[in-house]
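# Structural features, examined
Read off the chains here:
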Amino acid sequence: MDWLFMAMPISGVSIFWPGLIILGLGVGIIGGFFGLGGAWMVTPGLNILGFPMAFAIGTDMAQMAGKSLISTMRHGKFGNVDYVLGLTMLIGTLIGVDAGVWCVMQLEKIGRVDEVVRYLYDVLLIAMAWLVFHDISVRKKKAAAAAQAGKALDKGATGIEWASKLQAIKIPPVVYFRHANITCSAWLPIVISFFTGWMAGILGIGGGLIRMPALVYLVGCPTHVAVGTDLFEVAISGLYGTFSYAYQGRVELLAAIVMLCGAAIGAQIGVVATKYVKGYGIRFVFGLAVLGCLMSVVLKQLQAKFPDQGWLGTLATIEVLGFVSAISIYIAVQMVRGAKAELAAKKNQAAGN
Amino acid sequence: MNIWTWLATAALVFGKMVLTVYSGTAGVAMVADTRNMHGILQWWAEMYNESHLTFAIVTMLIIPILGCVLGWLADIVMNHIGIDLTHRDLAED
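Definitions and cut-offs
Residues numbered from 1 in each chain as written. Chains lettered and ligands numbered in written order. Predicted model: local features only at pLDDT ≥ 70, side-chain atom pairs only at ≥ 80, totals over all residues. Helix = DSSP H or I, 4+ residues; strand = E, 2+ residues; numbered from the N terminus. Rg over C-alpha atoms; globule rule 2.2 N^0.38 Å. Buried ≥ 20, exposed ≤ 12 C-beta atoms within 10 Å, placed from the backbone. Contact = placed C-beta atoms within 7 Å. pLDDT = per-residue confidence, 0-100. Axes fitted to C-alpha atoms, helices over the stretch in contact; angles between N-to-C directions. Parallel < 35°, antiparallel > 145°, perpendicular 65-115°, else oblique. Left-handed = near helix turned anticlockwise from the far one by under 90°. Nonpolar A, V, L, I, M, F, W, Y, C, P; charged D, E, K, R; others polar. Expected span 1.5 Å × (residues − 1). Pairing = 2+ DSSP bridges.

Glancing now at the overall build of chain A. Helix and strand content of chain A: 12 helices and 4 strands. The C-alpha atoms of chain A give a radius of gyration of 21 Å, which matches the 20 Å a tight globule of 353 residues would have. If you line up chain A on its principal axes, its C-alpha atoms span 65 × 60 × 40 Å. Relative to its full complement of 353 residues, chain A shows a buried share of 53%. Taking as baseline every contact in chain A between residues at least 6 positions apart, the subset at least 24 positions apart corresponds to 76%.

This paragraph deals with the environment of Ile29 of chain A. All names here are of chain A. Positionally, Ile29 belongs in helix H1 (residues 17-34). The class for Ile29 is buried, based on 29 C-beta atoms found within 10 Å. Residues Ile29 and Tyr176 lie 147 residues apart in sequence; the distance between their C-alpha atoms is 31 Å. Aside from chain neighbours lying at most four places away, what touches Ile29 is Gly266, Ile269, Gly270, Ser328, Ile331 and Ala332.

All names here are of chain B. Across chain B, the average pLDDT comes to 79, with 66% of residues at 70 or higher. Of all helices and strands in chain B, the one with the weakest mean pLDDT is helix H1 (residues 3-23) (66), whereas helix H2 (residues 39-50) scores best (91). Across the interface, the model reports ipTM at 0.81; the global pTM reads 0.85.

Another aspect to go through is the packing of H1 of chain A against helix H3 (residues 53-78) of chain A. All names here are of chain A. Running from N to C, H1 and H3 cross one another at 50°; their axes reach a closest spacing of 10 Å. The angle between the axes of H1 and H3 places the two elements in the oblique class. Judged by the sense of rotation from one axis to the other, the crossing of H1 with H3 is right-handed. Contact residues: H1 offers Gly24, Val27, Gly28, Gly31 and Gly32, while H3 offers Gln63, Lys67, Ser68 and Ser71. Within the contact of H1 with H3, the residues separate by chemical class into 1 nonpolar, 7 polar and 1 charged.

Position of Ala7 of chain A among the secondary structure elements: in strand S1 (residues 5-7). On the basis of neighbour count, Ala7 of chain A is assigned to the partly exposed category, with 13 C-beta atoms found within 10 Å.

Residues and elements named next belong to chain A. Interhelical geometry of H1 versus helix H10 (residues 253-276) gives an angle of 30° and a closest axis separation of 6 Å. One element, H1, and the other, H10, form an angle in the roughly parallel class. For the pair H1 and H10, the sense of crossing is right-handed. Split into classes, the residues belonging to the contact of H1 with H10 amount to 22 nonpolar, 9 polar and no charged.

With 25 residues, helix H9 (residues 223-247) of chain A ought to run about 36 Å at 1.5 Å a step, and its terminal C-alpha atoms sit 36 Å apart, in line with that. Most of H9 of chain A sits inside the fold, with 25 of its 25 residues counted as buried.

Residue and element names in this part refer to chain A. Here Ala163 is to be found in helix H6 (residues 162-167). As for Ala163 and Val216, which are separated by 53 residues in sequence, their C-alpha atoms are 7.9 Å apart. If we ignore the near neighbours within four places in the chain, the residues touching Ala163 are Tyr217, Leu218, Val219 and Gly220.

Residue and element names in this part refer to chain A. In this structure, strand S3 (residues 174-177) lies alongside strand S4 (residues 182-185), joined through 4 bridges in antiparallel fashion. Opposite Val174, over in S4, you have Ser185 as the bridge partner. Connecting S3 to the antiparallel partner S4 that follows it, the hairpin turn spans 4 residues, and Asn181 within it adopts a positive phi of roughly 60°.

With 12 of its 12 residues buried, helix H8 (residues 208-219) of chain A lies for the most part within the structure. At the exit of H8 of chain A stands Gly220 of chain A, carrying a positive phi of roughly 95°.

Bringing the interface of chain A and chain B into the picture now. Taken together, the 51 residues of chain A in the interface contact 46 residues of chain B. Taken together, the elements giving at least two residues each to the side of chain A that touches chain B come down to H3, helix H4 (83-109), H9, H10, helix H11 (279-305) and helix H12 (311-352) of chain A. In terms of residues, the side of chain A that touches chain B owes the most to one element, H9 of chain A, which gives 10 residues. A per-class count over the side of chain A that touches chain B returns 31 nonpolar, 12 polar and 8 charged.

Bringing unusual backbone geometry into the picture now. All names here are of chain A. Residue Pro172 is joined to Pro173 through a cis peptide bond whose omega torsion reads 0°. With respect to the helices, strands and loops of the structure, Pro173 is situated in the loop between H6 and S3. Positive phi values are uncommon outside glycine, yet Asn181 reaches one of about 60°. Relative to the helices and strands, Asn181 is located in the loop between S3 and S4.

Below you can see the structure in the form of C-alpha cells.
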C-alpha cells in the first residue's frame, strides 16, 4: 500500500494522498457554497493526516488561495462578485488583521490571550447562530403577515433590516456598488471589514466565517453576492498569507497542488449549487455549519479543561468530520438535483420547438 | 474586473508582501532533506534551502496559475454537461 503515501519534499513527512483529495473536495464544496476559506476544517484535517501544525496552516493558506480563485472565477461569471466592494473591504481587513495580531501580542504580555480568545470565539459563534436563525424567523413572520394581507413578500425581502439603517448614514464619499446594488458610505464596508479583520486576527482564522454574515446583515449584500465577494477577498488574503508562510518556509506546495485537484471539482459543485438554492436556503445551512463549528470548539475547550478526558478531543474531530461530510453531501445533492431539472427543462423546450 | 481593480489589488497585496520581507523571517533555520530526492522534487527542495524568498515568490505564482488552469478545465467540463453557467436567479426565498 506504499503507493497510497506520498513523500513531501519540504516537511519530510509521508502523507496519505487520497486523504488530501477528499479534504480538498469537501472544503471546495463548502467554501464555494458559503464563501468561506474553510481553515477551521482544513488545518486540523491536515494535522490529522500527519503535517506538523506550522506546515498545516501554511499549506492550508496555499490551497485556500487557489480554491477561492477557482470559486471566484465561477461566481464572477454568475455576476455574484462585487470586485469594488471586495477591494474596499480588503483595505479594512488588512488593517484590522494587523490590529488583531497586535492585540494578541498585548494580551500575551499580560497572560490573558487563551482566556480572551476562547470566550470571544464562543460569543461570536453563538451570536452568529442566533443572528441567522432569528433573521429566518423574522422573515417567516413577515411572509405570514403578507400572506394574511393577501400580498406576496418581495423576492429580495429580508428578515433583519439593520443594513438599510446603516446604509442611511451617508458620510462622504458615498459609493454605489453595482453588483451588490447598494449605495452607502465607503466607510461602512471599511469599518465593518476592519472589525471582522480585527476579530479574525485575534482568533487566528481567515475571517470568511465572520465576513460572509457581516456582508449580508451589516452591509446589506444579497446572499449570493456576499458569498462571491467574500471569496474574492479570501483569494486575495489567501495569496498574501501564502507568500507570508512560504517566506517563513512553512508551505508544502506538493500537498496544496494535490488538494487543489479535489478542490477544483468541489468548488464547481459548491458554486453551481448556489444557482439552485435560494438565499435563505444558503443562510439556513450556514447557520447549521456555525452550530457544528460551535459544538467542536466547545468540545475542544472542554478537553483543554479536562486533559485526562482524551475522548473529548476525538469526539470533536469526529463531530467536525461528520458535519462537514453531511453538509457536503447535502450541497452535492442540491447541485445534482438542480442540474438534472435544468437539463430536463432544456430538453423539453427543445422538444417543444 | 477592470484594469484599475487589478492594479489596486496588486498594489495592496504587494505592499503587504514588501512589509513581510522587510520584517524578516523567524530566527529558526529550516532545511529540507534532499538526500533521497530526484528530479523536480530535488530541484524544488534545493530552491527552498537556497532562498526562502525565491521559494515564496515561485509558490505565490504557481498557486494562482494552477487555480486558473483548473478553473478553466472545470469550465470546459461543466459546459460539456450543458449547465448554463452565466445566469442565475438572485432571489432570497
